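Read off the chains here:
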Amino acid sequence: VPSGPRAGAASKWDIREKVWEHLEAAGLAEFPRPVHGRIPNFKGSLQACCSLRDMDVFSRAREVKVDPDKPLEGARLAALQARKTLLVPTPRLRTGLFNRIVPPPGATKEILRRCATSQGVKEYSVPVGLDGKARVDLVVVGSVAVSEKGWRIGKGEGYADMEYAMMVSMGAVQEDTPIVTIVHDCQVLDIAEELLDDHDLTVDYILTPTRTIQTNCKRPKPQGIMWHKVSSEMLGKIPILKILRSREKQAGKDVTLQDEHPALANTTRAAISNKKVMATNTQPQSAPVGQAHVESDPGNPRLEVSDTMTTVYVGNLPASLRVSELKSALREFQVTPVRLNWQGAQHRAFLDYRDKGTADRAVSSLQGLSLGGNALRVELAKSQRSKG
């Protein structure tokens with residue numbers, strides 16, 4: 001067992017970084033790489049997924065929900081081969097909640113293999129609406145780190161937690177629906193309980209390439225959507241959330257959003273959207289190459305780059321890189337700036353942050369990251385920028 005961070009010594013972000021670094025440094029990382037910012041794929045993931053077949057909870061399940069991450073491909077394949085109904089969440093919940101994967105009649109092994117890949121999920125799926133009466137018997141989620149007690153750390157965007165809360169809200173899962181996660185042995189480490197939030201999903205089983213761990217986790221799972229942790233920005237990005245909210249409102253529940261609370265009324269919207277509930281951003285249009293591209297926070301169109309901003313310089317951008325690819329990386333590391341000044345022709349970009357902590361995190365996350373074949377050069381901007 002690897003020596004995990006000591007209780008109280010590390011934040012969730014420290015633990016993520018440690019796992020990502022270790023997987024890469026120890027040669028355990030698999031495509032897509034780098035694994036930083038992702039639910040990491042690892043050597044032996046297929047082997048770990050195969051253990052699912054030996055589990056009673058899997059044998060008994062008729063409908064299985066598996067996340068779309070690459071390391072869970074073997075779990076999606078196992079469900080298809082066992083002729084179970086496979087549900088996969090739609091990426092970033094943009095359209096609905098699930099897609100049901102429907103292999104063509106008489107599908108060969110090869111076709112089932114394809115159905116289990118992310119491309120196959122797109123080709124062979126049909127959306128399941130809110131009234132699709134999904135009854136999920138088993139949930140398989142990816143993790144960046146997990147403890148033997150069942151505490152789970154995802155990649156930091158909160159999608160697995162949100163999907164689970166939405167399934168509770170739809171009546172698709174019960175309190176006793178088993179949750180399984182599949183990770184490399186080195187991703188199983190001690191996690192201090194104080195790092196857990198009440199919206200964090202816990203797991204009942206952990207499968208690794210060498211063992212199956214039953215966590216016997218007694219901590220209650222989220223009881224539904226915690227509206228006071230949902231921002232109006234997030235609500236705007238996830239259409240199905242709006243429908244669930246109006247239903248719950250009609251049922252008499254308090255559906256006050258995070259940024260509607262009187263106590264938070266004078267907090268700026270950007271600060272709220274930076275909070276870790278979920279980093280959600282739709283794919284932006286890329287600017288023509290060679291053209292400066294300045295984008296401000298839509299929540300505050302009058303935002304001026306003031307002296308309170310911390311600017312980060314990103315250099316050595318390859319000529320072929322699109323602004324959307326950089327933004328995607330920023331999202332994955334949860335360091336989306338309030339403003340991005342893209343200078344592709346000069347192979348650089350400037351990122352403006354309201355607080356220095358996020359700017360520092362952006363520097364440490366992006367430093368040396370390989371984008372389009374170039375290792376980025378990242379530092380806090382000093383005189384590299386004319387304030388004009």
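Right, let's walk through the structure included here. Residue positions are counted from 1 within each chain, in the order its sequence is given. Since the coordinates come from a predicted model, pLDDT governs what is reported: local features require at least 70, and pairs of side-chain atoms require 80 or more to be given and counted, while whole-chain, interface and lining totals use all residues. No hydrogens and no water enter the side-chain calculation; it runs on all heavy atoms of the structure.

1. Quick notes on the pattern of salt bridges
No. 1: By convention in these notes, a salt bridge is any Lys or Arg side-chain nitrogen within 4 Å of a carboxyl oxygen on Asp or Glu. Across all of its chains, the model carries 19 salt bridges by this definition.
No. 2: A salt bridge links Arg33 to Glu24; its shortest N-O distance comes to 2.5 Å.
No. 3: On the basis of relative accessibility, which here comes to 48%, the residue Arg33 falls in the partly exposed class.
No. 4: A single network of salt bridges, built from pairs that share partners, joins Lys12, Asp197 and Asp200. Type-normalised accessible area, obtained with a 1.4 Å probe on protein chains alone, sets the label of each residue: buried when under 20%, exposed when over 50%, and partly exposed for intermediate values.

2. So, the environment of Thr95
No. 1: Mapped onto the secondary structure, Thr95 falls in the loop between β2 (85-89) and β3 (98-101).
No. 2: As a C-alpha pair, Thr95 and Gly129 span 34 residues in sequence and 9.7 Å in three-dimensional space. Secondary structure is summarised from DSSP: a helix means a run of H or I of at least four residues, a strand means a run of E of at least two, and numbering begins at the N terminus for each.

3. Side note on the packing of helix α7 (residues 159-170) against helix α9 (residues 239-250)
When two helices pack together, you describe them by how their axes are tilted relative to each other and by the distance separating the axes.
No. 1: Contact geometry for α7 and α9: axes closest at 11 Å, N-to-C directions at 40°. Put simply, α7 runs oblique to α9. As α7 packs across α9, the resulting crossing turns out to be left-handed. Contact residues: Met162, Met166, Ser169 and Met170 in α7; Ile240, Leu241, Leu244 and Glu248 in α9.
No. 2: Only Asp, Glu, Lys and Arg are considered charged in this grouping, and only Ala, Val, Leu, Ile, Met, Phe, Trp, Tyr, Cys and Pro are considered nonpolar; every other residue, Gly among them, is considered polar. In the contact of α7 with α9, the residues fall into 6 nonpolar, 1 polar and 1 charged. Axis lines are fitted to C-alpha atoms, over the contacting stretch for helices. Their N-to-C directions set the angle, which ranges from 0 to 180 degrees. Any angle between 65 and 115 degrees counts as roughly perpendicular, while under 35 counts as roughly parallel, over 145 as roughly antiparallel, and the rest as oblique. We call a crossing left-handed when the near helix sits turned anticlockwise from the far one by less than a right angle, and right-handed when that turn is clockwise. Note on definitions: a residue-residue contact is assigned when non-hydrogen atoms from the two residues lie within 4.5 Å.

4. Examining the sheet that holds strand β1 (residues 63-66)
No. 1: A pair of strands is treated as paired once DSSP finds two or more bridges between them. Across the sheet, which stays open at both edges, the 8 strands sit in the order β4-β3-β2-β1-β5-β8-β9-β10 with mixed pairing between neighbours. The open sheet has two edge strands with one neighbour each: β4 (125-128) and β10 (212-214). Neighbour-to-neighbour, the strand axes of this sheet turn through a mean angle of 25°, independent of strand direction.
No. 2: Here β2 runs beside β3; their pairing, made up of 4 bridges, is antiparallel. Residue pairing in the sheet places Val88 in a bridge with Asn99 of β3.

5. Structural notes on unusual backbone geometry
No. 1: Across the junction of Phe31 and Pro32, the peptide omega takes the value 0°, indicating a cis bond.
No. 2: Inspection of the secondary structure assignment puts Pro32 in the loop between α1 (12-25) and α2 (45-50).
No. 3: Each neighbour pair has its own omega, and for Arg33 with Pro34 the value is -5°, a cis peptide bond.
No. 4: As for its position among the elements, Pro34 is in the loop between α1 and α2.
No. 5: Positive phi values are uncommon outside glycine, yet Arg83 reaches one of about 60°.

6. As for the packing of helix α4 (residues 73-81) against helix α5 (residues 109-116)
No. 1: Where α4 contacts α5, the axes come no closer than 8 Å and their chain directions differ by 135°. Relative to α5, the element α4 is oriented oblique. Once α4 is placed against α5, the crossing between them reads as right-handed. Taking contact as the criterion, the partners of Glu73, Arg76, Leu77, Leu80 and Gln81 in α4 are, on α5, Leu112, Arg113, Cys115 and Ala116.
No. 2: When the residues that make up the contact of α4 with α5 are grouped by side-chain class, the tally is 5 nonpolar, 1 polar and 3 charged.

7. Examining the nonpolar core
No. 1: Core analysis: the biggest nonpolar cluster contains 51 residues, and Ile15, Leu52, Val140, Val180, Ile182 and Ile191 have the highest contact counts within it.
No. 2: Here Ile182 is in contact with Phe42, Ser45, Ala48, Cys49, Leu72, Ala75, Val140, Val141 and Leu207, once residues within four sequence places are set aside.
No. 3: Only buried residues count toward a nonpolar core, which is a set of Ala, Val, Leu, Ile, Met, Phe, Trp, Tyr and Cys residues joined through side-chain atoms within 4.5 Å. Among the nonpolar cores identified, the runner-up in size contains 39 residues, and Ala134, Met167, Leu235 and Val255 belong to it.

8. Observations concerning the side chain of Ser51
No. 1: Along the polypeptide, Ser51 turns up in the loop between α2 and α3 (56-60).
No. 2: Ignoring sequence-local partners within four residues, the contact set of Ser51 consists of Leu207, Thr208 and Thr212.

9. Focus on the environment of Leu138
No. 1: Among the secondary structure elements, Leu138 is positioned in strand β5 (residues 138-141).
No. 2: A C-alpha to C-alpha distance of 5.4 Å links Leu138 and Pro178, two positions 40 residues apart in sequence.
No. 3: Apart from the residues lying within four places of it in its own chain, the contact partners of Leu138 are Leu52, Val57, Phe58, Ala61, Glu63, Val64, Lys65, Thr177, Pro178 and Val180.

10. Topic: the side chain of Glu163
No. 1: Secondary-structure assignment places Glu163 in helix α7.
No. 2: Filtering out sequence-adjacent residues up to four positions away, Glu163 remains in contact with Lys65, Asp67, Pro89, Leu93 and Leu97.

It is worth stressing that arrangement in space is one thing and function is another; only the former is reported here.
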